[in-house]
Amino acid sequence: MTTKPNRRSQVLLFARNFLKHPRMLGSVIPSSRFLIERLVRQIDFRRARVVVEYGPGVGTITREVLRRMRPDAKMVVIEMNDDFVRFLGSSLRDPRLHVVHGSAADVARILAELGLERADYVFSGIPFSTMPKPVGEAIVQATRDVLRPDGRFLVYQFSPAVERMLERVFGTVRSEFEPLNIPPARLWYCTP
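The paragraphs below set out a description of the structure included in this document. (Residues numbered from 1 in each chain as written. Predicted model: local features only at pLDDT ≥ 70, side-chain atom pairs only at ≥ 80, totals over all residues. Heavy atoms only, no water.)

Quick look at the overall build of the chain
Heads up, the rule is: Helix and strand labels come from DSSP, where a helix needs a run of H or I of at least four residues and a strand needs a run of E of at least two; each type is numbered from the N terminus. A contact between two residues is defined here by any heavy atoms of the two lying within 4.5 Å. All accessible-area figures derive from a Shrake-Rupley calculation using a 1.4 Å probe, and residue coverage is judged against the displayed protein chains alone.
The secondary structure content of the chain amounts to seven helices and seven strands. Secondary structure elements of the chain, listed N to C terminal, follow the sequence α-α-β-α-β-α-β-α-β-α-β-α-β-β. When contacts within the chain are restricted to residue pairs at least 6 apart in sequence, long-range pairs at least 24 apart make up 69% of them. Of the roughly 9,200 Å² of accessible surface on the chain, a fraction of 55% belongs to carbon and sulfur atoms.

As structure tokens, then:
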């Protein structure tokens, strides 16, 4: 069962971590409801059995995905920030959710350890523009490798830096823009 933490405490935790680790977070505040809605509209929850999220932060998007997911689906969130891992572990208690402290580049190993073969959807807000290019490329390729043939990689960013990486690895890459977010965000929907 998910609990709804105080929105103010979520924003303060997120902002405090932005100040501590500005290169690890893309924004000083969590994603807007407009960005979340635009993103989750891309998920067919009737067929989604395995959903992966990179960099869930305080779980703003995670909560919405869990709310809509099937009872037999699984969600794996991969987070590198210790504060966020602890927060998610204490505030999101749902048997479908697995909170993993680790790197998105290790997604194949993480899924295998959980007994999950492939993902139907992977979504990510990790800031590709601030990480070393080889790390970003490894994450994009690892994501492509764990997706089912009809799976999708859903990416939201505040910089277009990731677009070329996505286009080199995925067969189809479609983009949209969400102005009602701080800062405004670009979204990419990628299929193998």
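The structure having been displayed, the exposition proceeds.
Comments concerning the sheet that holds strand E6 (residues 172-178)
The line we're drawing: The pairing criterion for strands is at least two bridges between them, as found by DSSP. Angular values range over 0 to 180 degrees, each being the angle between N-to-C directions of two axes fitted as lines to C-alpha atoms, with helices fitted over their stretch in contact.
In spatial order, the strands read E3-E2-E1-E4-E5-E7-E6; together these seven strands make up an open sheet with mixed pairing. Among the strands making up the open sheet, the edge pair consists of strand E3 (97-101) and E6. Each adjacent strand pair in this sheet contributes to an overall mean axis angle of 15°, direction not counted. The pairing of strand E4 (residues 119-124) with strand E5 (residues 147-157) spans five bridges and is parallel. Looking at the pairing, Val-122 lines up with Phe-153 of E5. Lying over the sheet, helix H3 (residues 60-68) contacts strand E1 (50-54), strand E2 (74-79), E3, E4 and E5, oriented at roughly 175° with respect to E2. Seen against the sheet, helix H6 (residues 133-146) touches E1, E4 and E5 and runs at an angle of roughly 145° to E5.

Re the packing of aromatic side chains
What counts here: Aromatic contacts are taken between Phe, Tyr and Trp rings whose centres are within 6.5 Å, Trp giving its six-membered ring; a plane angle under 30 degrees counts as stacked, one over 60 as edge-to-face, and the others as tilted. For the exposure calls, accessible area comes from a 1.4 Å probe over protein chains only, and a residue counts as buried if that area is under 20% of its type's maximum, exposed if over 50%, partly exposed in between.
As enumerated under the stated definition, the model contains two aromatic pairs in all. A centroid spacing of 6.2 Å and a plane angle of 65° characterise the contact between Tyr-54 and Phe-153, whose relative ring orientation is edge-to-face. Of this pair, Tyr-54 sits in strand E1 while Phe-153 sits in strand E5, and the two are 99 residues apart along the sequence. For Phe-153, a relative accessible area of 0% gives the class buried. Every member of this aromatic cluster is reached through a ring pair, and the members are Tyr-54, Phe-153 and Phe-170.

So, the nonpolar core
This is how the line gets drawn: Think of a nonpolar core as a cluster: buried Ala, Val, Leu, Ile, Met, Phe, Trp, Tyr and Cys residues, connected wherever their side-chain atoms sit within 4.5 Å.
Counting 29 residues, the largest nonpolar core has Val-52, Tyr-54, Leu-111, Phe-128, Phe-153 and Leu-166 as its most contacted members. Of all elements in the fold, only E1, E2, helix H5 (107-113), E4, H6, E5, helix H7 (163-169) and strand E7 (185-191) reach the threshold of two or more residues within this core. Sort the elements by how many residues they give to this core and H6 lands first, with four residues. The residues touching Phe-128, leaving out its near neighbours within four places in the chain, are Gly-136, Ile-139, Val-140, Phe-153, Val-155, Gln-157, Val-162 and Met-165. If you look at the next biggest cluster of nonpolar residues, it comprises 25 residues, including Ala-48, Val-65, Met-69 and Val-77.

Observations regarding the pattern of salt bridges
Which entries qualify depends on this criterion: Salt bridge, as used here, is a side-chain nitrogen of Lys or Arg placed within 4 Å of a carboxyl oxygen of Asp or Glu.
Under the counting rule described, the total for this entry stands at 19 salt bridges. Across the salt bridge formed by Arg-168 and Glu-137, the nearest N and O atoms sit 3.2 Å from each other. Of this pair, Arg-168 sits in helix H7 while Glu-137 sits in helix H6, and the two are 31 residues apart along the sequence. A relative accessible area of 53% means that Arg-168 is categorised as exposed. Taken together, the shared-partner salt bridges in this structure form one network comprising Glu-37, Glu-64, Arg-67 and Arg-68.

With respect to the side chain of Ser-32
With respect to the element layout, Ser-32 can be found in the loop between helix H1 (7-20) and helix H2 (33-40). Beyond its immediate sequence surroundings of up to four residues, Ser-32 is in contact with Leu-180 and Asn-181.

As for H3
Within H3, seven of the nine residues are buried, which leaves the element mostly enclosed by the surrounding structure. The complete set of buried residues in H3 reads Thr-60, Ile-61, Thr-62, Arg-63, Glu-64, Val-65 and Leu-66.

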